[in-house]
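Survey of secondary and tertiary structure
Spelled out from the first residue to the last, the chains are:
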Amino acid sequence: MSATYLNFINGQWTPSVTGEVEESRNPANQKEVVGLFQKSSMDDLNQAVASAKQASKPWKKLSGSARGDLLYKVASILERRLDEIAETMTREMGKTFPEAKGETARGVAILRYYAGEGLRSVGDVIPSTDSEALMFTTRTPLGVVGVITPWNFPVAIPIWKIAPALIYGNTVVVKPASETAVTCAKIVECFAKAGLPAGVINMVTGSGSIIGQGLATHPDVNGITFTGSNGVGKRIGQAALARGAKYQLEMGGKNPVIVANDANLDLAVEATISGGLRSTGQKCTATSRVIVQSEVYDAFKEKLVQKVQQLTVGDGMKAGIWMGPCANEGQLQTVLSYLQKGTEEGASLLCGGNRLQGEGFENGLFVEPTVFENVTTKMAIAQEEIFGPVLALMKVNTIEEALELANDVEFGLSASIFTTNIGSMLSFINEMDAGLVRINAESAGVELQAPFGGMKQSSSHSREQGRAAMEFFTSVKTVFVKG
Ligand SMILES: NC(=O)C1=CN([C@@H]2O[C@H](COP(=O)(O)OP(=O)(O)OC[C@H]3O[C@@H](n4cnc5c(N)ncnc54)[C@H](O)[C@@H]3O)[C@@H](O)[C@H]2O)C=CC1
Ligand SMILES: O=C(O)CCC(=O)C(=O)O
C-alpha cells in the first residue's frame, strides 16, 4: 500500500477538499506507485494563499539571522534524510541514484548559502545633493510568492526558489510538478520539522492548469517564480503582468558545444556525453547541438559514438546504470517523435534511435542514447528543445561559422567551447548569446553561488541563485532622511 501525501497549509498536513488523490508512478517500472498526492482545487489554493498572506507580516518582521537559523535547521534535517529523499527522487522521475544524491546534497548547500544571506548587506548608501541628509537603499520582501516547479530537478529547483524567497522575508506557496509531488512533500516535511511558523511555507499539489494557473492569477500572490516549458512560462508571465505581479521565468534551452580543431578531444567527448545525456538529457542546460571543426570531426565522432554505445541504460536505483528512463510517458513520446523527425528531415543516425524494450525494460520508459550527424540548422532537431538523450552533430570549417550556428536558435541559456586557443575563447565569451558560457567545461551544471538564467527565449531575463536572487525576491526602497 503506497503512502498518501497531504497538502501543507497553515502549518498543518491537510487533505484536499476534493477528497481525490493522484498517483505518482516510477518511470523505470510503471507498475510501481511511489505515492499518492492530493488532487487539489482552487479552494485548497485559496486557503494556502490566505495563510501565507497572514504569516507574511510577522515573518517579514523577524531578523534575517532568525530566518537564517531556521534555514540552517532545514538544511541539517534534509542532510539527515539525504539517501531516503534521493531514492524517492530516483523512483519518481528516473535520474540515477548517485545523481539524485548529488542533487540533494546541492539542496542542502543551497539552504546553507541562503541561511548565511540573512546576515549579509542589502543596500547602499548614496551621497545626497543635500549635505545634511542621509540617502540609502534598503529592500523589502514582495509578500506572498508562488513557486511553480518542474520534475527534472525535484529537490534543487524548489529549494533554490523557496530558500531565497524565505530568507528575504517572503512567505511561500509551492506547487510542484505532479511527477515529483512526493519528493516535494518530503522537502516540505523538512521545513515543517525545522519549526517554521505556520503559513510561512505552504504546499498545494495538483494540476498545472488549476493550481499553477490559480497561483499566477491570484490577486494575493505578489510574485511568481517558475521553471518549466516555454508555452506555460509565457502564459504565467502574461497573467502576472496583467495584474501587476512580479514574475520570473526559467524555460528552455538548445545548448551548443563547440569543439575546435585545437580542443582536447577526450575532454570534449566526456563533457559532451555528460552535458548531453546525464539525467537522460532532461536538463534545460543539456547539450543538444555539437558543432565540430572539420579537422577533428572524424576523430571526435568516432570517440563519441564508441563511448555513447557503452552507456548502460536502466533503472537508476541499480548499481552500474549510467542513464535512467524518460520521466514520463509524454516525455518518451516527445523524444521518439524527434527521433523520427530527425531521420525524416535527412539527418543520419550514428547510434541509438529506438525505444528500449524487452528484458529489463518491460515496464519502463527507456530510450537509447542517440547521436545524429549531417544535421543542418533548419532541422527541428537543431532548433527545438527535445529534453531527451539526443545529440546532433554539425560540421563547420571555422570558429566564426561555429559561433554563427551556435547563435542560430531562439534560445540562449548555456553554451560551451572546447579549445586551447585564447583568441577563440575570447570570441566565444564576447559573441555567444547565452546566460552561461563555459570554456572547457560541459554546458550543464550550475554553481549555487553564481547567477543562473538565460538570454533570448530562455528566460524572463532575470537571474536566479547566488545574490542575484535578491533582485527578484525583494523590491528596492530608496530612503531619504533629513534630521
Ligand atoms: N526549463 C526546464 O528546466 C524544464 C523544461 N521543460 C520543458 O517542458 C516540456 C514539457 O514538460 P512539462 O512537465 O509538461 O512542463 P510544464 O511547463 O507543463 O510544467 C512545469 C510546471 O508548470 C506547471 N504547469 C503546467 N501547466 C500550467 C499552467 N497552465 N499554469 C501554471 N502552471 C502550469 C506544471 O504542473 C509544473 O509544475 C519538456 O519537454 C521540456 O522541453 C520541462 C521541465 C523543466
Ligand atoms: O545544469 C544544472 O545543474 C541546472 C539545470 C536546470 O536548472 C534545469 O534543467 O532546469
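Up top you'll find the structure we're talking about.
Residues numbered from 1 in each chain as written. Chains lettered and ligands numbered in written order. Predicted model: local features only at pLDDT ≥ 70, side-chain atom pairs only at ≥ 80, totals over all residues. Heavy atoms only, no water.

Turning next to the site of ligand 1. By nearness alone, 25 residues border ligand 1, and T149, W151, S229, M251 and E385 come closest of all. One of the side-chain N or O atoms of N152 is found 3.2 Å from an oxygen atom in ligand 1. Contacts to ligand 1 include Q213, whose backbone N or O atom sits 3.3 Å from a nitrogen atom. Within the complex, 84% of the 810 Å² of free accessible area of ligand 1 lies under protein. A molecule is said to occupy a pocket when more than half its atoms come within 2 Å of that pocket's grid points, and by this definition ligand 1 occupies the largest pocket. Elements that contribute at least two residues to the shell around ligand 1 include exactly α7 (208-217), β10 (223-227) and α8 (230-242). Broken down by element, the shell around ligand 1 gets its largest block of residues, four residues, from α7. Partitioning the shell around ligand 1 into residue classes produces eleven nonpolar, ten polar and four charged. (Near = heavy atom within 4 Å. Polar contact = N/O pair within 3.5 Å; in protein donor to acceptor, adjacent residues only side chain to side chain. Areas by Shrake-Rupley, 256 points an atom, 1.4 Å probe, with all protein chains shown as cover. 1 Å grid on protein atoms, 1.4 Å probe; cavity = no way out; pocket = protein on both sides within 12 Å on 5 of 7 lines; lining within 4 Å. Sits in = over half its atoms within 2 Å of the grid points. Helix = DSSP H or I, 4+ residues; strand = E, 2+ residues; numbered from the N terminus. Nonpolar A, V, L, I, M, F, W, Y, C, P; charged D, E, K, R; others polar.)

Time to look at the pattern of salt bridges. The full count for this structure, using the stated rule, is 18 salt bridges. Two residues, E84 and R81, come together in a salt bridge whose shortest N-O distance is 2.9 Å. For E84, a relative accessible area of 34% translates into the label partly exposed. Three or more residues are tied together by salt bridges with common partners; here these are R81, E84, K186 and E189. (Salt bridge = Lys/Arg side-chain N within 4 Å of Asp/Glu carboxyl O. Buried < 20%, exposed > 50% of the residue type's maximum accessible area, 1.4 Å probe, protein only.)

What follows covers the layout of surface pockets. Taking a probe equal in size to a water molecule and rolling it over the atoms shows the remaining empty space. Estimates place the volume of the largest pocket at around 830 Å³. Lining the largest pocket we find 37 residues, and of these W151, F226, G228, S229 and V232 sit closest to its centre. When contributions to the lining of the largest pocket are tallied by element, the ones reaching two or more residues are α7, β10, α8 and α11 (329-344). Among the residues making up the lining of the largest pocket, the classes are represented as 14 nonpolar, 18 polar and five charged. There are two domains that each give the lining of the largest pocket at least three residues, and those are domain 1 (4-251 + 459-482) and domain 2 (255-447). As a volume, the second largest pocket reaches approximately 270 Å³. Forming the boundary of the second largest pocket are 18 residues, of which K95, R106, F153, K283 and G445 lie nearest the centre. Contributions of two or more residues to the lining of the second largest pocket are made by α4 (97-117) and α5 (156-167). Among the elements that take part in the lining of the second largest pocket, α4 stands out by supplying four residues, more than any other. Looking at the lining of the second largest pocket residue by residue, the classes come out as seven nonpolar, five polar and six charged. Two domains each put at least three residues into the lining of the second largest pocket: domain 1 (4-251 + 459-482) and domain 2 (255-447). (Points joined across faces, edges and corners; volume = space filled by probe spheres on them. Domains from an automatic or database assignment.)

What follows covers the site of ligand 2. Neighbouring ligand 2 are R106, N152, F153, I157, W160, K283, C284, T285, A444, G445, V446 and F452. Within the backbone of C284, an N or O atom sits 2.5 Å from an oxygen atom of ligand 2. Note that an oxygen atom of ligand 2 is positioned 2.5 Å from one of the side-chain N or O atoms of T285. Notes on ligand 2: free accessible area 300 Å², of which the protein chains cover 98%. With respect to the pocket detection grid, ligand 2 is positioned in the second largest pocket. Residue classes in the shell around ligand 2 are distributed as seven nonpolar, three polar and two charged. For the shell around ligand 2, the two domains that each supply at least three residues are domain 1 (4-251 + 459-482) and domain 2 (255-447).

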